[in-house]
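Chain by chain, the residues:
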Amino acid sequence: MSPISSVSCLSLALAASVWAQTPAHKQIIDMVNRHSAVYMQVSKSIWEYAELGYHEEKSSALLQRHLQEAGFRIQAGVADEPTAFIATYGQGKPVIAILGEFDALPGLSQAAAPDRSPVVEGAPGHGCGHNLLGSAAALAAVSLKEYMEAAHIAGTLRYYGTPAEEGGDGKVYMVRAGLFRDVDVVLHWHPADRNSVTNGGALAITSAKFLFHGVAAHAAFAPERGRSALDAVMLMGTGIEREHIPSNARIHYIISNGGAAPNVVPDKAELFLYARSPSLDTLDGIWARIEKIGQGAALMTETTLETRILGSDNNIVPNDALAKVAQRNLEEVGGFQYTAEEKHFAQALQASLPPGGAADLGLAASIQPLRKVDPNQPSASTDVGDVSWNVPTIGFIAATFVPGVVPHTWQAAACAGMSIGQKGMVVAAKSLAVTGADLFTNPQLVEDAKQDFARKMAGQTYKSEIPAGQKPPLDYRAR
Ligand SMILES: [Zn+2]
Ligand SMILES: [Zn+2]
């Protein structure tokens, strides 16, 4: 057993004695248990649909139908995003929102099997587990609504169906449309290989395409007449690789257009780039230098440069007041045990991981202690960041993936389509639902969350690198 899981066993033991379950929490957890079979099936259907960002028609419709049948009012196609929706129950303050995602990733089609077996070769798959994410959020919302109704609790509960998390910035456009303006607290979660509260973190990101325009010519007969756009792309790449940036920043790119044939000097070539940093301000400085490198490459090759910003997300603002409550609730909910069959699946799947990649299977049963985010730890990006710059926000991760499995892999897609993923999803749903109930029944918690938010945001203003007026990029995968 690793030192980490010994610590979490200790915190679990403490949790059992310190955090006795209130009757309200017990009632909500029973409700989640009662609805869980239906939403596990919903997650399986969305896993089978495996729809890419802004094309999640069936996934979004399925979630809307279940929420509507449970008594939520539906606003569909919000923020100019056909697959975005808001499901609302109740009225008045406070307004508590739960975020749901449901988009898949290209190329990760995978059976619920512990070896690489695509269902359809090259087709999309749920390698980030968003089929579980959207379904657990709906399971939490439906259970919490049932509890509010039974206990006559006032306030507004909303489920935000947020499309295209994987590169389409669905939530950023929902923020811009003012859809979070009256929300008091946002709750979210994400599939992972362990159970934990995520208080802040994630890297701010900006993505863009740098398109160079040159002059075409016969590459052998008259190269002197040509000006190569591909030369510019390659010089830009060389410049970026020589860049001096903080060690926790990331720059990655592909050549998305390198010309048509070796015997034609390319008059168009394109570099598609992401840059990331734990802080958007630092990223702004890095971005300014990336743009200069592009201009330098154009100057060197007598080409011209056209830059298109495609997307941008902020880092997540932590909320320490909410983190305390979330941690307590996650410890109360607890993790889950593998059956013998699941253990067998997990061990077979772990055998496919790189050497040293597997982690202790006990991670699913334990809860990680609450830690401060370390900006030097490896991380990724999410459009939850932009929400958190506008509303006090707290998140969970739950052990839906076999320990050691990371998102955006076929192994993650396999777990998201079977019982291990579905059990992790229920841990998340319970944690979201009881935390939501605490916020509805204890106004001081909402007040503390707001005060913490105000402290964290002092001297900072929300901004997005996505140009003002830009519409949701519904065809972003084809651009
Ligand atoms: Zn992802
Ligand atoms: Zn994800």
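Everything numeric here is computed off the predicted structure, so don't read it as measured data.

**A closer look at the coordination of the zinc ion (ligand 1)**
1) Next: Within the protein, Cys128 (SG), Glu166 (OE) and His408 (NE2) serve as the donor atoms for the zinc ion (ligand 1), at 2.0 to 2.3 Å.
2) Next: Coordination of the zinc ion (ligand 1) draws on donor residues from a single chain, spaced C-x37-E-x241-H in sequence.
3) Next: The exposure class of Glu166 is buried, given its relative accessible area of 11%.
4) Next: Taking the relative accessible area as the measure of exposure, His408 reaches 42% and is therefore partly exposed.

**With respect to the sheet that holds strand β11 (residues 393-399)**
1) Next: The 7 strands lie next to each other as β1-β2-β4-β3-β5-β11-β6, forming an open sheet whose pairing is mixed. Every other strand in the sheet has two partners, leaving β1 (73-76) and β6 (196-198) as the edge strands with one partner each. Here the average twist between neighbouring strands, direction ignored, is 25°.
2) Next: Sheet topology places β1 next to strand β2 (residues 85-91); 4 bridges connect them, and they run antiparallel. Residue pairing across strands places Gln75 opposite Ile86, the latter belonging to β2.
3) Next: Helix-sheet contacts for helix α3 (residues 57-69) involve β1, β2 and β4 (155-161), and the interaxial angle to β2 is about 10°.
4) Next: Most of the contacts of helix α4 (residues 130-150) go to β4, to which it runs at about 165°, and overall it touches β2, β3 (95-100), β4 and β5 (185-192).

**Points about the sheet that holds strand β8 (residues 250-257)**
1) Next: Reading across the sheet, the 4 strands line up as β8-β9-β7-β10 and stay open at both edges, with antiparallel pairing between neighbours. Strands with a single pairing partner mark the edges of an open sheet, and in this sheet they are β8 and β10 (304-313). Here the strands of the sheet are splayed against their neighbours by 20° on average, with no regard to which way each runs.
2) Next: Pairing between strand β7 (residues 204-213) and β10: 9 bridges, direction antiparallel. When the sheet's bridge partners are listed, His213 is paired in β10 with Thr304.

**Describing the environment of Val402**
1) Next: Checked against the element boundaries, Val402 lands in the loop between β11 and α11 (410-416).
2) Next: The exposure class of Val402 is buried, given its relative accessible area of 0%.
3) Next: For the pair Val402 and Asn315, spaced 87 residues apart in the sequence, the C-alpha separation amounts to 27 Å.
4) Next: In contact with Val402, other than residues within four places in its own chain, are Asp193, Tyr338, Phe345, Ala346, Leu349, Gln350, Leu361, Cys415 and Ile420.

**Here's the deal with the nonpolar core**
1) Next: With 81 residues, the main nonpolar core has Leu67, Phe72, Tyr159, Trp189 and Val402 as its most contacted residues.
2) Next: Excluding anything up to four places from it in sequence, Tyr159 contacts Leu63, Leu67, Phe85, Ile86, Ala87, Ile98, Gly100, Gly134, Ala137, Ala138 and Ala141.

**Things to note about the coordination of the zinc ion (ligand 2)**
Perfect tetrahedral coordination of a metal by four donors corresponds to 109.5 degrees between them, and perfect octahedral coordination by six donors corresponds to 90 or 180 degrees.
1) Next: Surrounding the zinc ion (ligand 2) are the protein donor atoms Cys128 (SG), His130 (NE2) and His190 (NE2), which sit 2.0 to 2.3 Å from the metal.
2) Next: As a motif over one chain, the donors of the zinc ion (ligand 2) read C-x1-H-x59-H.
3) Next: A spacing of 3.0 Å is found between the zinc ion (ligand 2) and the zinc ion (ligand 1), which share Cys128 as a donor. Note that Cys128 is positioned in the loop between β3 and α4 and His190 in strand β5, a separation of 62 residues in sequence.
4) Next: Here His190 falls in the partly exposed class, since its relative accessible area comes to 22%.

**Here we look at the side chain of Asp184**
1) Next: Counting through the fold element by element, Asp184 comes out in the loop between α5 (170-176) and β5.
2) Next: Engagement of the side chain of Asp184 in a polar contact is seen with the backbone nitrogen of Val95, the distance being 2.7 Å.
3) Next: Within the structure, the side chain of Asp184 is placed 2.6 Å from the side chain of Lys450, a separation counted as a polar contact.
4) Next: Asp184 has contacts with Lys93, Pro94, Val95, Val391, Pro392, Val446 and Lys450, leaving out every residue within four places of it along the chain.

**A closer look at the packing of helix α2 (residues 23-49) against helix α12 (residues 419-441)**
1) Next: Packing of α2 against α12 leaves a shortest axis separation of 9 Å and a crossing angle of 140°. By the angle between their axes, α2 is oblique relative to α12. Handedness of the α2/α12 crossing: right-handed. Along the contact surface, α2 presents His25, Ile28, Ile29, Val32, Asn33, Ser36, Tyr39, Met40, Ser43 and Lys44, while α12 presents Gln422, Met425, Val426, Ala429, Lys430, Ala433, Val434, Ala437 and Asp438.
2) Next: The residue inventory of the contact of α2 with α12, partitioned by class, reads 11 nonpolar, 5 polar and 3 charged.

Rules used in this analysis
- Sequence positions are assigned chain by chain, starting from 1 and proceeding in written order.
- Here chains are named by letter from A upward and ligands by number from 1 upward, in the order in which they appear as written.
- Two thresholds apply to this predicted model, a pLDDT of at least 70 for residue-level local features and 80 or more for giving and counting side-chain atom pairs, whereas whole-chain, interface and lining totals are computed over all residues.
- Derived side-chain values reflect all non-hydrogen atoms in the structure, with water molecules and hydrogen atoms excluded from consideration.
- Nitrogen, oxygen and sulfur within 2.8 Å of a metal are treated as its donors, or within 3.2 Å for sodium, potassium and calcium (Na, K, Ca); water is not counted, so a site can appear incomplete.
- A simple rule labels every residue: compare its accessible area, found with a 1.4 Å probe on the protein chains alone, to the largest value its type can have, and call it buried under 20%, exposed over 50%, or partly exposed in between.
- The pairing criterion for strands is at least two bridges between them, as found by DSSP.
- Each helix corresponds to a stretch of at least 4 residues labelled H or I by DSSP, and each strand to a stretch of at least 2 residues labelled E; elements are numbered beginning at the N terminus.
- A fitted line through C-alpha atoms serves as each axis, taken over the contacting stretch for helices, and the angle formed by two N-to-C directions is quoted from 0 to 180°.
- Residues count as neighbours in contact if any of their non-hydrogen atoms are within 4.5 Å of one another.
- Put simply, buried Ala, Val, Leu, Ile, Met, Phe, Trp, Tyr and Cys residues joined by side-chain atoms within 4.5 Å make one nonpolar core.
- Within 3.5 Å is the distance limit for a polar contact, defined as a pair of N or O atoms, with the added protein rule that one can donate a hydrogen and the other accept it, and that residues adjacent in sequence qualify only through two side-chain atoms.
- For classification, angles of less than 35 degrees are called roughly parallel, those exceeding 145 degrees roughly antiparallel, those between 65 and 115 degrees roughly perpendicular, and all remaining angles oblique.
- Note on convention: the crossing is left-handed when the near helix lies turned anticlockwise from the far helix by less than a right angle, right-handed when the turn is clockwise.
- In this count, Pro and Cys sit with the nonpolar residues alongside Ala, Val, Leu, Ile, Met, Phe, Trp and Tyr, while Asp, Glu, Lys and Arg are called charged and the others, Gly among them, polar.

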